[in-house]
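Architecture at a glance
Listed here are the chains, written in short residue letters.
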Amino acid sequence: MRKVMIALTVLVLFTILAACSQPKVEEVKSNEAAAASTTQEEPAAAPAPAAQATESRLDTVRKRGKLICGGNKNLAGFGVLASDGSFSGFDIDYCRAIAVAIFGKADDSTLEIRPLTASDRPIALQTNEIDVLVRNTTYTLSRDTEWSANFGPTTFYDGQGMMVRKDSGIEKLEDMEGASICVQTGTTTELNLADQMALRGINYTPKVFPDAPSTLAAFQAGNCDGFTTDKSGLISQKQELDDPAAFQILGVTMSKEPLGPAYAHGDDQWADIVDWTVYCTFSAEEFGVTSANVDDIAKTAEDPNIRRMLGVEGELGKGLGLDNDFCANIIREMGNYEEIYNRNLGPDTAFSVPRGLNSLWTDGGLLYSPPFR
Amino acid sequence: MTTATDINTAYEAPPRTEVGVLGWLKHHLFGSWFDTILTILSLGLLYVVLVPSMRWAVTKANWRAITTNILILIHGPYPQTQNYRVFIAIGLLVVMGSVSLFIYRGENVRGRRTMTIIWAVSPFFIWYLLAGFKGSSFLPLIEYSKWGGLLLSFILAIFGILASFPIGVLLALGRQSDMPIIKWMSTVYIEVVRGVPFITVLFMAQVMLPLILPPDVRVAGMFRAMVATALFSAAYLAENVRGGLQAIPRGQYEAADALGLSTFQQMYFIIMPQALRTVIPPIVGQFIGLFKDTSLVAIVGLLDFLNVSQSILSQAGFLGAQKEVYLFAALVYFVFSFAMSSASIRLEKQLGVGQR
């Protein structure tokens, strides 16, 4: 008995020592490394005034050797943990594109995806735990101000939609007088539904549920006539229903949900890098540059717009603090907007989300890149 | 002279309905009309529940959701080119566990001591095996953010159990102490921690800590959760241990005093061995709870077993696979909790809890 006690105590104490000392050692090491590198570099960079003492985000990322991107792992098509242990999805591809812009490639060594919950997002941004947030985040005024964040160009224009049974005879919101609607509680979706129905003078009964799966389950079970959430969510959740063909999504869009990357206040160079990474994918689609032909086009293109974008002409990339061919790298590694879209949401995927507003401005959509000049 | 055959023929064999399977059935399931009704009702209920479930599990269920993702369920986003390290660690623990079963049951003192040392060293070894070293090509560094799945759940649970144990014992002793400040501090700690839900402690550790720490100090989310788990569990453990301490009769203390033992000796040799043995069932119950509670770290974004399971539901091929995934997750939690429970019953039997 005594021996067992002694053994137990020893084991417990050792394990605690092991577990406690390990992280500290690691931290101290990395801190020392960071401290050492700053002390080495700062004298070389001339004794800077206090205002410049905080290094730019780009320098931090370069010194760290990798970009830390806040993403999602639970939204089909946008951010998912794949069975090979990597993250994938539309938003994740934009994390990748930013890493390519900085390092020329996106792999485990240059990019870390940090999966965040919706409530973690603002704090992760404010505490600089992540460099950029690409997590199906709607750009709103209050987020812009209260999060101390800025938003980059919208990469996906979403909006609230409504799904009903095909045999219900409901074709538009006005047909839903007296209907019951399944909606997730505590979301902007719920508030927005109330606004939109009040605006149209339609009486309805909201049936609220705490999370997405239970909301969908209630709709599947026939507890409500309608089911509402963002259209991108509707499209993927429709596939979860037992008989997707028996349901349809109404054409009406009840809200504006522009989703895009966000970054913390205070570093305009970093903002430019994220913004122009996104614009690069827009422009590439506009000019017909794809991952397959980017190298040929770089050699043969005569259009000065394309030559400047790909860094064959001018110094545009250098102006951002990046390689001059950053955009060519992004296209080669990730593809243009259309390729990114089709890979994650396009007709060959389970979701097959129509481009709609997410078409180029030349095709009647909202994607519009300022000129690369 | 009677032979064996004579005896067998002399006495008639018992009726067939009284022995063997039939006898068992008669005595246990159809002993009275009430038992018979209960038995038939239970069988009916089992039929109604089990048959459709089994039919679903065999014919309709899409178990590929599990099989395709088995690797991320085991170790999350841990790089799959390096995951042999995880399996070596698991194999090592299994081997050590099975060897221990024999060694600690035997009387070989030397063997037991060696085994104890191996157990004490193994956490370091396994940790470095999993974490690797910076710049090493043989065991490259794997960042803590990539540790996930069942691996992460186990690290959280094992660390929580091992670390909360001594802290909890100290807190329990502190609360019983005659020294006012120690008594007061222990009591406040225990009551405050027990007064808040685990999820708030996790949120504090994940969300508030980065706001408090200086900006260049980054503590991996896994460590924050590990510390939160251990500190939270310690408060509950302290109360369990205190229960054990109070069960020790006054006479034991007085006898120890009469022998001239110091307070430490008294605790170490007399009180604690008895107190801890008494509270094995509640402590194991608490540890099983702790293991299942690790699934709460999903809410703060750590990729533990449950969180990885949920993320499978977002993969394009398995959008509607809730039933399969959650059933599998429940099964895994059950298997490990049940194993812990059985192990504790063995331990209780060995130590003779309830017989002294």
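On a predicted model such as this, the values are computed, not experimentally measured, just so you know.

**Some remarks on the overall build of chain A**
- Looking only at helices and strands, one finds 14 helices and 15 strands in chain A.
- The buried share of chain A, reckoned over its 373 residues, is 50%.
- In chain A, once contacts between residues fewer than 6 apart in sequence are set aside, the share between residues at least 24 apart is 70%.
- Element-wise, carbon and sulfur atoms account for 53% of the exposed surface of chain A, whose accessible area totals about 16400 Å².

**Details of the confidence of the model for chain B**
- In this model, chain B carries an average pLDDT of 88, and 95% of its residues clear a pLDDT of 70 or more.
- ipTM for the predicted complex: 0.78, alongside a pTM of 0.80.

**A few points about the domain arrangement of chain A**
Residues and elements named next belong to chain A.
- Domain boundaries in chain A define domain 1 (57–157 + 258–363) and domain 2 (160–255).
- Between the C-alpha centres of domain 1 and domain 2 there is a distance of 31 Å.
- Overall, the association of domain 1 and domain 2 removes approximately 460 Å² of surface from exposure, summing both partners, and the carbon and sulfur fraction of that is 74%.
- When the buried surface of domain 1 facing domain 2 is broken down by residue, Ala350, Phe351 and Val353 rank first, second and third, together holding 54% of it.
- Remark: the boundary between domain 1 and domain 2 carries zero salt bridges.
- For the pair domain 1 and domain 2, the interface holds zero residue pairs in polar contact (both at pLDDT 80 or more).

**Some thoughts on the sheet that holds strand β3 (residues 79–81) of chain A**
All names here are of chain A.
- Across the sheet, three strands lie side by side as β2-β3-β4; this open sheet has antiparallel pairing. Looking along the sheet, the strands with just one partner apiece sit at the ends: β2 (74–75) and β4 (87–88).
- One ladder, built from two bridges, connects β3 with β4; its direction is antiparallel. By the bridge assignment for β4, Val80 is matched with Ser88.

**Side note on the state of the cysteines**
All names here are of chain A.
- A full pass over the atoms with the stated rule returns three disulfides over all chains.
- With its sulfur 1.7 Å from that of its partner, Cys182 forms a disulfide with Cys224. One end of the pair, Cys182, is in strand β10 (residues 179–184); the other, Cys224, is in the loop between α7 (212–220) and β12 (226–230), with 42 residues separating them in the sequence. For the pair shown, Cys182 and Cys224 are each scored as buried.
- Each disulfide of chain A joins two cysteines, and with those cysteines numbered along the sequence the arrangement is 1-2, 3-4, 5-6.

**Digging into the sheet that holds β10(A)**
Residues and elements named next belong to chain A.
- Overall, mixed pairing links the five strands, which are arranged β11-β10-β12-β9-β13 in an open sheet. Two strands lie at the open edges of the sheet, namely β11 (204–209) and β13 (247–249), each paired on one side alone. Between one strand axis and the next, the sheet turns by 30° as a mean value, whatever way the strands run.
- Two strands pair when backbone bridges link them, and strand β9 (residues 160–165) and β12 are joined in this way by five bridges, in the antiparallel orientation. The partner of Gly161 across the bridge, within β12, is Thr229.
- Contacts from α7 reach β9, β10, β11, β12 and β13 within the one sheet, and its direction differs from that of β10 by about 160°.
- Each of β9, β12 and β13 touches helix α8 (residues 231–238); the most contacted strand, β12, lies at about 125° to it.

**Examining the side chain of B:Asp304**
- Structurally, B:Asp304 is set in the loop between α14 (280–293) and α15 (305–312).
- No salt bridge is formed by the buried B:Asp304, whose closest oppositely charged neighbour, A:Lys73, lies at an N-O distance of 7.7 Å.
- In contact with B:Asp304, not counting residues within four places along its chain, are B:Gly149, B:Leu152, B:Ser153, B:Thr294, B:Ser295, B:Val297, B:Ala298 and B:Tyr333.

**Looking at the domain arrangement of chain B**
- Taken as a whole, chain B is organised into domain 1 (17–60), domain 2 (79–141) and domain 3 (148–351).
- For domain 1 of chain B and domain 2 of chain B, the distance between their C-alpha centroids amounts to 45 Å.

**Things to note about the pattern of salt bridges**
Residue and element names in this part refer to chain A.
- As enumerated under the stated definition, the model contains 23 salt bridges over all chains in all.
- With a closest N to O distance of 2.9 Å, Glu313 and Arg307 form a salt bridge.
- Given a relative accessible area of 31%, Glu313 falls into the partly exposed group.

**Describing α15(B)**
- Summarising burial for α15(B): seven of the eight residues are buried, a large majority.
- Along α15(B), the residues that are buried comprise B:Phe305, B:Leu306, B:Asn307, B:Val308, B:Ser309, B:Ser311 and B:Ile312.
- Structurally, α15(B) contributes buried residues whose contacts are with β2 and β3 of chain A together with α4 (64–67), α5 (70–75), α8 (149–176) and α16 (322–351) of chain B.

**Let's talk about the pairing of strand β1 (residues 67–71) of chain A**
Residues and elements named next belong to chain A.
- The buried fraction of β1 is high, at five of five residues.
- Burial of β1 is two-sided: the residues Leu67, Cys69 and Gly71 facing one way and the residues Ile68 and Gly70 facing the other way are all buried.
- The pairing of β1 with strand β5 (residues 111–115) spans five bridges and is classified as parallel. Directly across from Gly71, in β5, lies its bridge partner Pro115.
- Here β1 pairs with strand β6 (residues 132–133) via two bridges, running parallel. Opposite Cys69, over in β6, you have Val132 as the bridge partner.

**Some thoughts on unusual backbone geometry**
All names here are of chain A.
- Positive phi values are uncommon outside glycine, yet Ser148 reaches one of about 50°.
- Structurally, the position occupied by Ser148 is in the loop between α5 (141–146) and β7 (149–151).
- Positioned with a positive phi, Ser352 is a non-glycine residue whose angle comes to about 50°.
- Mapped onto the secondary structure, Ser352 falls in the segment after α14 (337–344).

**Here's the deal with the packing of helix α9 (residues 268–287) of chain A against α14(A)**
All names here are of chain A.
- It is the contact of α9 with α14, at a shortest axis distance of 7 Å, that shows an interaxial angle of 100°. Between α9 and α14, the angle falls in the class roughly perpendicular. Facing α9, whose interface residues are Thr281, Phe282 and Glu285, α14 presents Tyr337, Glu338 and Ile340.
- The residue inventory of the contact of α9 with α14, partitioned by class, reads three nonpolar, one polar and two charged.

**Focus: the environment of A:Gly159**
Residues and elements named next belong to chain A.
- Position of Gly159 relative to the elements: it lies in the loop between β8 (156–158) and β9.
- Between the C-alpha atom of Gly159 and that of Pro258, which follows or precedes it by 99 residues, the distance is 7.7 Å.
- Non-local contacts of Gly159, meaning those with residues more than four positions away in its chain, are made with Thr229, Asp230, Lys231, Thr253, Ser255 and Glu257.

**Considerations on the pairing of β9(A)**
All names here are of chain A.
- Along β9, five of the six residues are buried, which leaves the element largely enclosed by surrounding structure.
- Pairing analysis gives three bridges linking β9 to β13, with the strands arranged antiparallel. Within β13, the position partnered with Met163 by the bridge is Ile249.

The rules we used
Residues numbered from 1 in each chain as written. Chains lettered and ligands numbered in written order. Predicted model: local features only at pLDDT ≥ 70, side-chain atom pairs only at ≥ 80, totals over all residues. Heavy atoms only, no water. Helix = DSSP H or I, 4+ residues; strand = E, 2+ residues; numbered from the N terminus. Buried < 20%, exposed > 50% of the residue type's maximum accessible area, 1.4 Å probe, protein only. Contact = heavy atoms within 4.5 Å. Areas by Shrake-Rupley, 256 points an atom, 1.4 Å probe, with all protein chains shown as cover. pLDDT = per-residue confidence, 0-100. Domains from an automatic or database assignment. Buried area = accessible area lost by both parts, 1.4 Å probe. Salt bridge = Lys/Arg side-chain N within 4 Å of Asp/Glu carboxyl O. Polar contact = N/O pair within 3.5 Å; in protein donor to acceptor, adjacent residues only side chain to side chain. Pairing = 2+ DSSP bridges. Disulfide = S-S within 2.5 Å. Axes fitted to C-alpha atoms, helices over the stretch in contact; angles between N-to-C directions. Lys, Arg positive; Asp, Glu negative; His and termini not counted. Parallel < 35°, antiparallel > 145°, perpendicular 65-115°, else oblique. Nonpolar A, V, L, I, M, F, W, Y, C, P; charged D, E, K, R; others polar.

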